[in-house]
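Reading the structure
Each chain, letter by letter, is given below.
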Amino acid sequence: MKIKSRRPVPITDKPFPLLPRLLATSFGVGYLPVAPGTWGALLAILLWLPLYFWASQPLIFWVTLTAAAVYTVAGTWASSESEKYWGKDPVIACADETVGQWISLLPLSGIAVTPWWEILLSLVLFRFFDIYKPFGIRSMERFPGGYGMMADDILAGIYSVVILLIVNYFCL
């Protein structure tokens, strides 16, 4: 497991524009100390919870899927931009973790009453796959720029979905 430094060292004297910086850092949570990727995933859950509490099951699913798709496009662009200012795959660029966590939450959006432990399991599974990168996840990082940054987390989210679907099939 490769450990990255917490703060990126600027590789250019030009200031990083605000919009891509906000998008790349999941609206600034990537700047929080210790485990910025976990903060990006927690942000996804915090943004998802009001939807879960107040929307219908189909609406939760479609809004979550749409948010993941839109933020994948925006996050890929912003993550590519972040590499121009902070170097390859900067740790504070955590838009990829936010997208991956939303993907991981997709199977929970179709359950009338999702137990809290399943939301926590979604986070734990996603972070496990994101950190340890088994089953071809690491190979996704070979894509250039923001594509590689996003692809590995998307696949980690998909693996989390598979496990959650299995858990739901046998436990609920």
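Residues numbered from 1 in each chain as written. Predicted model: local features only at pLDDT ≥ 70, side-chain atom pairs only at ≥ 80, totals over all residues. Heavy atoms only, no water.

1. Points about the packing of helix 4 (residues 95-105) against helix 5 (residues 116-132)
Where helix 4 meets helix 5, the closest approach of the two axes is 9 Å, and the angle between their N-to-C directions is 130 degrees. Compared by their axis directions, helix 4 and helix 5 come out oblique. Along this stretch, helix 4 crosses helix 5, giving a crossing that reads as right-handed. On the side of helix 4, the interface is formed by Asp-96, Glu-97, Gly-100, Gln-101, Ser-104 and Leu-105, while helix 5 contributes Ile-119, Ser-122, Leu-123, Phe-126, Arg-127 and Asp-130. Tallied by class, the residues present in the contact of helix 4 with helix 5 amount to four nonpolar, four polar and four charged. (Axes fitted to C-alpha atoms, helices over the stretch in contact; angles between N-to-C directions. Helix = DSSP H or I, 4+ residues; strand = E, 2+ residues; numbered from the N terminus. Parallel < 35°, antiparallel > 145°, perpendicular 65-115°, else oblique. Left-handed = near helix turned anticlockwise from the far one by under 90°. Contact = heavy atoms within 4.5 Å. Nonpolar A, V, L, I, M, F, W, Y, C, P; charged D, E, K, R; others polar.)

2. A closer look at the pattern of salt bridges
Considering all chains together, one arrives at seven salt bridges under this definition. With a shortest N-O distance of 3.6 Å, Glu-141 and Lys-133 are connected by a salt bridge. A relative accessible area of 13% places Lys-133 in the buried class. As a salt-bridge pair, Glu-141 and Arg-138 come within 3.7 Å of each other at their nearest N and O atoms. Arg-138 sits in the partly exposed class, given a relative accessible area of 38%. Counted as one network, the salt bridges with shared partners bring together Glu-97, Arg-127, Asp-130, Lys-133, Arg-138, Glu-141 and Asp-152. (Salt bridge = Lys/Arg side-chain N within 4 Å of Asp/Glu carboxyl O. Buried < 20%, exposed > 50% of the residue type's maximum accessible area, 1.4 Å probe, protein only.)

3. With respect to the confidence of the model for the chain
Confidence along the chain averages 91 in pLDDT terms, with 92% of residues attaining 70 or more. Helix 4 holds the highest mean pLDDT among the elements of the chain, 98, whereas helix 6 (residues 145-171) holds the lowest, 94. (pLDDT = per-residue confidence, 0-100.)

4. Re the packing of aromatic side chains
Evaluation of the coordinates by the stated rule reveals 15 aromatic pairs. Judged by centre distance (5.1 Å) and plane angle (20 degrees), the rings of Trp-48 and Tyr-52 are stacked. Remark: Tyr-52 and Trp-48 occur in helix 2 (residues 36-54); sequence separation between them is four residues, near one turn of the helix. Given the relative accessible area of 11%, Tyr-52 is considered buried. Taken together, a centroid distance of 5.6 Å and an interplanar angle of 55 degrees make the contact between Phe-129 and Tyr-159 tilted. In this pair, Phe-129 is assigned in helix 5 and Tyr-159 in helix 6, connecting sequence segments 30 residues apart. Judged by its relative accessible area of 6%, Phe-129 falls in the buried class. By the ring-pair criterion, three or more aromatic residues cluster together here, those being Trp-48, Tyr-52, Phe-53, Trp-54 and Trp-116. (Phe/Tyr/Trp six-rings, centres within 6.5 Å; stacked < 30°, edge-to-face > 60°.)

5. As for the nonpolar core
Membership of the largest hydrophobic core comes to 33 residues, with the highest contact counts inside it found for Ile-45, Trp-48, Tyr-71, Trp-102, Leu-105, Leu-108 and Ile-119. Where this core is concerned, the elements lending two or more residues are helix 1 (18-24), helix 2, helix 3 (57-86), helix 4, helix 5 and helix 6. For this core, the element with the most residues is helix 2, which contributes seven residues. Dropping the residues within four chain positions of it, Ile-45 is found in contact with Gln-101, Leu-105, Ile-119 and Leu-123. (Core = buried A, V, L, I, M, F, W, Y, C linked by side-chain atoms within 4.5 Å.)

6. Considering the packing of helix 2 against helix 5
Orientation of helix 2 relative to helix 5, taken along the N-to-C sense of each, is 150 degrees, at an axis distance of 11 Å. Classified by the angle their axes make, helix 2 and helix 5 are roughly antiparallel. At the point where helix 2 passes helix 5, the crossing takes the right-handed sense. Packed against helix 2, whose contacting residues are Gly-37, Thr-38, Ala-41, Leu-42, Ile-45, Trp-48, Leu-49 and Phe-53, the element helix 5 presents Trp-116, Ile-119, Leu-123, Phe-126 and Arg-127 at the interface. Across the contact of helix 2 with helix 5, the residue classes break down as ten nonpolar, two polar and one charged.

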